[in-house]
Every structure is written in C-alpha cells, then in structure tokens.
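# Chain and residue survey
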2 protein chains.
Amino acid sequence: MKKIKLVIAYDGTDFSGFQRQPDKRTIQGTLEKVLSQLTGEEIQIYGSGRTDAGVHALGQVCHFSTNSPIPVDKYLYILRRLLPRDIVVQSCEEVPCDFHARKSAYWKTYRYQIETSRIPHIFMRRFYTHRPFVLDTKAMQEAGQLLLGTYDFTSFCSAKTVIEDRVRTIYDCQILKESNSILIEVTGNGFLYNMVRIIAGTLYEVGRGIRSAQEIVQILAAKDRTKAGPTFPPEGLILLQVGYVPWQDSATHFSCK
Amino acid sequence: MKKIKLVIAYDGTDFSGFQRQPDKRTIQGTLEKVLSQLTGEEIQIYGSGRTDAGVHALGQVCHFSTNSPIPVDKYLYILRRLLPRDIVVQSCEEVPCDFHARKSAYWKTYRYQIETSRIPHIFMRRFYTHRPFVLDTKAMQEAGQLLLGTYDFTSFCSAKTVIEDRVRTIYDCQILKESNSILIEVTGNGFLYNMVRIIAGTLYEVGRGIRSAQEIVQILAAKDRTKAGPTFPPEGLILLQVGYVPWQDSATHFSCK
C-alpha cells in the first residue's frame, strides 16, 4: 500500500465544489472516478479541505492510498491525459503513511481577487470579482493587520456554520495592488465557512471608505456575523497553498501497511 | 436612423463562432437577440469579419442601424447588464452613415498565444495553446519578418478556402516572449481562412527547430497548403484590434436616412 500526495489546481467555475455529491460534477468525484478507473481499485480522495462551488485552487492538496503498481512518477503524466482540462495535477509524490492532507496541514493561504478596472477584462471574469472603483489599499492593509492573531472569528463566518470552536489564528494578511486589480492574501491555521469571502467583503468596504480600518476590532469583538461586510462571490477566491511540515525522510520508500 | 459602432471583447470558448447560425450560440446571434429585444426593432449586426468557434476577441468591431431613441452613451451600460458575461462591450459610439465595420476596416491585428510552461496554468487554458517546449524566438522573429509584404498566401490558408484572390498584405509580425508564453502578433490588411492559425503552427515549427526561418520564402512561393505547418487550435487566437481611418467629424451628430 502506497500513500500518494497530489497538489492540484482547478478552475472551480464549472464544478459544484470540491466535495463528492451524487449526480454533481465535483473535484473529489472527478478525481476518484479517474483514479478508480486507472487503478482498478475503489480510490478515496482526501482533500486538505473543501472549497465551495465556483472557488478555484492553484495549490489544493489531497492524498489517496493504493496498491497499484503504477510508478508514482507516472501519475502526473497519466492524470494530465485523463482529467478534464479544468483540473490540472501540479505534482505527485509518495508520502509517509501518517501523512493526511487535512490533518497534517499547518497553514493555508487563500487569495481573493478583485478587478477594479471600469470595464471587466474578458479573460479575468472567471477568476475575479468585478468592482469598478478605486480602493484605498492603505486602509485595507491597515484593516488586514488588525485580523492577525488568534481570535474567535464568529463575525467572519457564515451564520449557517454549525461548528462550535470558531477560534482561528491568522498569520498574515497582505493587500497587493496590481494595475487593474487588488489581491487580498490571507494565511491562517484554518478558515471557517465563508471566512475569506467575508474578510474580502469587509476589507472592500474599508477600501471604499464605507467603514474605517479600526472597525475590524469591534467587528471581531462582537462575535456577530451581521457586524461584518458582505460575503463576496466565490469566483474571486483561490486556494493558493497548503503548508505541511516537511517529512523527515522523503528520499526513501515508505511502506504503509 | 442612427448607425452605432461597438467594440466588443469575448471569450469564444463557449460560442460556435461569430456568425449567426440557427440553434447555435454565436456572438452575432447573441448580440442581435439582445439588441432586438432592447430596441423593439429587428437589429442586424455587421462584424468586421467572422471569428471561428473557440476564437476570442479583445477588439472586435461591429455596427448596427437603429431608429431607437436610446441615447448612444447608454448602450454601454445597458448592454453590460443584458449580455452574458462572456461578451463585454468595450465602447459604443455613433458613426457616419457610410461607416461599415467590414468594408471600412483598413487593418486587423491578431495575436496567437502559446503557453510554454511545463504544466499548463489553470487560468490560461481557455486562451492559450499549451506546448511545453523551449522555442527559439529569434528564429521565429526572423521567419515572421519574411511574411511581411504583399503575397499570395495560398500556402497559409485552409485548403477548403473557395475565395479566389488570396493576395494579402502583412504589415507587421512580432514575436513577444513573456515568462511562460510566446505571443505572435500579426497585422495585415486582411486574413484568409485559418491564416493566423497556420502562421502560428508554422512559426512554432521554426521555434522548435523543425524548420529553418528561411523556409518561409519557399512555402510562400509554393502556393501549396501542404508546405506550411499545422493549423494551430482556435483557443490560442485573439482578434486584438481592427483599424479604421478616423472619420472627419466624429463630434457632431450624423443623420443616416
């Protein structure tokens, strides 16, 4: 038995999210179907976490276990041929038996992309949220810095969230200004449901001058979803990277019983 | 009666080309349907030329005539709301009665985009042809320069072409190298069926060292489609710009009877 880690990118536009669902086109479902056909086994994919319908990834991580004799270095090429064009495997490697795409993850970085040009660029529409306004990126940066640290992020998660423990740690939040867009990059040890999209909606309101940067402090303290800004649409959101502690002995072969 | 010129951009991936066809999703058909509903007239769209299924545009030009009292400066906003997200109107202006999107066009610029990174980037797949190879852009540039001038381009047009006069003038051909892509930009007074895609396929072969740059001279002279390289796929092709002589009096109102 081998455990294999995949780093994948996808254009989430035409998927009903990551998680397998009957009769829906999902990332997990598509990968499982292709890998099961390839190996002749019933492959189960474990992702670092779900992404919602319409959300993209450049560095989603998942793993699966298999007894297939296919050499690990062949998967990259084979999967590129078998998968639809909106999922691309970036890398593929054997990992120790105790690796787990979700449980072993230490941090994740998401990027939210806002296109600010007057007329939306036709090549960007699938990956950016269009808001044709000048944003005060200095104020947004200041607001983002107030999110750093360990807090109860109830105000920044969907009211539908059933999870009890809403304490998360944000390690970094950067606002990057490009010629026609503003990128919000957030790194944390974990994210609640809709958390990055609500952070994006709130920082956007700071950027437009609807809120002051300092309001972030009160929003966090309130633990009340209605105090934060809108949930921004899924198309601007990208899972950029998932961080793991490097395994000690990655050069040798692992045996997973 | 007013004549209105539109500059439009589209993601051609999900269209069966520019030209109206029964029961197919086309650019012309979509524009005509939306404009006819808007004006209550039967609007006919004239484009600067057709683009094939899967081919994109950043600066396609078309015109239509209407008696609608809608002010010209409102179309931009209204059409952005009514059109599907894969067609975007970039500009809209009233033009003299004798303007014709196709007949008045002096030149066109197309760009062919080749992505050369090892693994295709998920955000580029709709607009680039992926060829994971290092290309000799100097040789490609040299070959491109041999296309400049007025020639019979029979070797560079689809064998299916019925048009008799295959003499066209190429004004410019530039090879642009970006970090993970090569862009081929060609400007000419007109292009034959598949011409830019065959130029792209041929210059690609020069870039890979399969042909020498000098071979362009013999290919042109042969007037034989089989002598040139392959027709590259539609997804890498973009109609960038259509050039017109500026009308003399664009500030005043035109009256088209």
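Residues numbered from 1 in each chain as written. Chains lettered and ligands numbered in written order. Predicted model: local features only at pLDDT ≥ 70, side-chain atom pairs only at ≥ 80, totals over all residues. Heavy atoms only, no water.

If you look chain A up in an unreviewed UniProt entry, it shows as tRNA pseudouridine synthase A from Thermoflavimicrobium daqui. For the record of chain A, the UniProt heading Sequence similarities (unreviewed entry) holds the text "Belongs to the tRNA pseudouridine synthase TruA family." Taken verbatim from the UniProt record of chain A, the Subunit (unreviewed entry) comment is "Homodimer." (UniProt positions renumbered as here; feature names shortened; annotations may be inferred.)

On to the domain arrangement of chain A. How big an interface is tends to be reported as the loss of accessible area on association of its parts. Residues and elements named next belong to chain A. When the domains of chain A are assigned, the result is domain 1 (2-103) and domain 2 (106-240). Each side of the interface is counted separately: domain 1 has 16 residues, and domain 2 has 13 residues. Summing both partners gives a buried area of about 1100 Å² for domain 1 against domain 2, and 51% of it is carried by carbon and sulfur. Considering only the side of domain 1, the residues that lose the most area to domain 2 are D52, V55 and H56, jointly responsible for 41% of the buried surface there. Here domain 1 and domain 2 share three salt bridges between them. (Domains from an automatic or database assignment. Contact = heavy atoms within 4.5 Å. Buried area = accessible area lost by both parts, 1.4 Å probe. Salt bridge = Lys/Arg side-chain N within 4 Å of Asp/Glu carboxyl O.)

For the rest of this paragraph, the subject is helix α3 (residues 137-145) of chain A. All names here are of chain A. By the burial criterion, the buried members of α3 are T137, A139, M140, A143 and G144. The arc enclosing the buried residues of α3, seen along the axis, measures out at 155 degrees, which places them on a common side. Looking at the packing, one finds that the buried side of α3 touches β8 (167-178), β9 (181-188), α4 (195-208) and α5 (215-222). Two to three positions downstream of the cap, the backbone nitrogen of K138 sits 3.1 Å from a side-chain oxygen, assigning the N-cap of α3 to D136. (Buried < 20%, exposed > 50% of the residue type's maximum accessible area, 1.4 Å probe, protein only. Helix = DSSP H or I, 4+ residues; strand = E, 2+ residues; numbered from the N terminus. Arc of directions from axis to C-beta. Polar contact = N/O pair within 3.5 Å; in protein donor to acceptor, adjacent residues only side chain to side chain.)

Residue and element names in this part refer to chain A. Within this structure, the stated rule accounts for 16 aromatic pairs over all chains. Arranged with centres 5.7 Å apart and planes meeting at 55 degrees, the rings of Y112 and F232 form a pair that is tilted. Taken together, the positions of Y112 in strand β5 (residues 105-115) and F232 in the loop between α5 and β10 (237-244) put the pair 120 residues apart, joining distant regions of the chain. A single burial state applies to Y112 and to F232, both of which are buried. Considering the side-chain rings of Y204 and F232, the 5.1 Å spacing of their centres and the 45 degrees angle between planes classify their relative orientation as tilted. Here Y204, found in helix α4, pairs with F232, found in the loop between α5 and β10; they are 28 residues apart in sequence, far enough to count as distant. For Y204, a relative accessible area of 7% corresponds to the buried category. (Phe/Tyr/Trp six-rings, centres within 6.5 Å; stacked < 30°, edge-to-face > 60°.)

Time to look at the relation of the copies chain A and chain B. When chain A is fitted onto chain B, the two copies agree to an RMSD of 0.0 Å after a turn of 180 degrees and an axial shift of 0.0 Å. A rotation of that kind, with that shift, is consistent with a two-fold axis. For chain A, the residue whose C-alpha comes nearest the rotation axis is F123 of chain A, separated from it by 4.4 Å. The share of interface residues of chain A whose copies in chain B are also at the interface is 100%, consistent with both copies meeting through the same surface. (Least-squares fit on C-alpha atoms with pLDDT ≥ 70 in both.)

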